[in-house]
Amino acid sequence: MTSVDRDGAADREARTGRHRGRRVADVVTSVVLLVVGALAAVTAGWGIMLLALGFGSCDAPGNRCDEGLGAAVVTLGPVLVALVFLAAAVVCVLRLVRRRTAWPVALLGLGLVVVVFLVARLLVDGSVTIGI
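Okay, so let's go over this structure. (Residues numbered from 1 in each chain as written. Predicted model: local features only at pLDDT ≥ 70, side-chain atom pairs only at ≥ 80, totals over all residues. Heavy atoms only, no water.)

Re the overall build of the chain
- Scanning the chain from N- to C-terminus turns up 3 helices and 2 strands.
- Mapped in sequence order, the helices and strands of the chain form the string α-β-α-α-β.
- Classification of the 132 residues of the chain by burial places 28% in the buried group.
- In the chain, of all internal contacts separated by at least 6 residues, the share reaching a separation of at least 24 is 78%.
- In the structure as shown, the chain presents an accessible area of about 9,100 Å², 68% of it carried by carbon and sulfur atoms. (Helix = DSSP H or I, 4+ residues; strand = E, 2+ residues; numbered from the N terminus. Buried < 20%, exposed > 50% of the residue type's maximum accessible area, 1.4 Å probe, protein only. Contact = heavy atoms within 4.5 Å. Areas by Shrake-Rupley, 256 points an atom, 1.4 Å probe, with all protein chains shown as cover.)

Focus: a nonpolar patch on the surface
- The grouping of Leu69, Leu108, Leu112, Val115, Val119 and Leu123 at the surface amounts to a nonpolar patch, some 480 Å² of accessible area in total.
- If one sorts the elements of the nonpolar patch by residue count, helix α3 (residues 103-127) sits on top with 5 residues.
- Assignment of secondary structure puts Leu108 in helix α3. (Patch = residues over 30% accessible without salt bridge, like charges linked within 9 Å, V, L, I, M, F, W, Y side chains within 5 Å. Salt bridge = Lys/Arg side-chain N within 4 Å of Asp/Glu carboxyl O.)

Some remarks on unusual backbone geometry
- With a phi angle near 60°, Arg99 is a residue other than glycine that sits in the positive phi range.
- Looking at where Arg99 falls in the secondary structure, it is placed in the loop between α2 (67-97) and α3.

Things to note about the environment of Leu107
- Take Leu107: it is sitting in helix α3.
- Judged by its relative accessible area of 41%, Leu107 falls in the partly exposed class.
- Residues Leu107 and Leu34 lie 73 residues apart in sequence; the distance between their C-alpha atoms is 8.0 Å.

Things to note about the nonpolar core
- With 25 residues, the main nonpolar core has Leu34, Val81, Phe85, Cys92, Val113 and Val124 as its most contacted residues.
- When contributions to this core are tallied by element, the ones reaching two or more residues are α1 (12-50), α2 and α3.
- With 8 residues, α2 is the largest single contributor of residues to this core.
- In contact with Val124, not counting residues within four places along its chain, are Leu51, Phe55, Val73 and Val74. (Core = buried A, V, L, I, M, F, W, Y, C linked by side-chain atoms within 4.5 Å.)

Focus: α3
- The first and last C-alpha atoms of α3 sit 36 Å apart over 25 residues, in line with the 36 Å expected at 1.5 Å per residue.
- When we look at burial in α3, the residues that qualify are Val105, Ala106, Gly109, Leu110, Val113, Val116, Ala120, Val124 and Ser127. (Expected span 1.5 Å × (residues − 1).)

Regarding the packing of α2 against α3
- Relative orientation of the contacting elements α2 and α3 amounts to 175°, with a least axis distance of 9 Å. Of the possible angle classes, the one that applies to α2 and α3 is roughly antiparallel.
- Residue composition of the contact of α2 with α3, grouped by class: 18 nonpolar, 4 polar and 1 charged. (Axes fitted to C-alpha atoms, helices over the stretch in contact; angles between N-to-C directions. Parallel < 35°, antiparallel > 145°, perpendicular 65-115°, else oblique. Nonpolar A, V, L, I, M, F, W, Y, C, P; charged D, E, K, R; others polar.)

Here we look at the side chain of Ser127
- Along the chain, Ser127 turns up in helix α3.
- Once you skip the residues sitting within four places of it in the chain, Ser127 turns out to touch Phe55, Arg64, Cys65, Asp66, Leu69 and Gly70.

Notes on the pattern of salt bridges
- What the rule picks out here adds up to 2 salt bridges.
- Between Arg23 and Asp26 there is a salt bridge whose closest N-O contact spans 3.9 Å. A residue pair is termed a helical-turn pair when its members lie 3 or 4 positions apart in one helix, as Arg23 and Asp26 do in helix α1 at 3 residues.
- Residue class for Arg23 comes out partly exposed when judged on its relative accessible area of 22%.

Following this line, the structure appears as structure tokens:
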């Protein structure tokens, strides 16, 4: 039986023992996913900037390029990747501080970084048309 103090609250140590393992697993998983997400965000940001190399063939005869769209994607893509990662990291840390499950937020942030990179790649590939 748990002890009761003057306020009528049960001993808190007895209640935290069951959930301690889940809490540690959540923190470790969240931190690992955030580190992987940071590496993916840096890689995606550089990858989007390297997509600008595709516009080197725009001067060739028969090729058409929408350089305005390409420049916008190459400029705003890394910023969007950074914002997505930072938003996921802030929400994840806030959830960890409030002792709520946070690893799904970190996983979602990692997935969104990948989605932003793929959309940027599709937009840049669509803006360069290689002719004969």
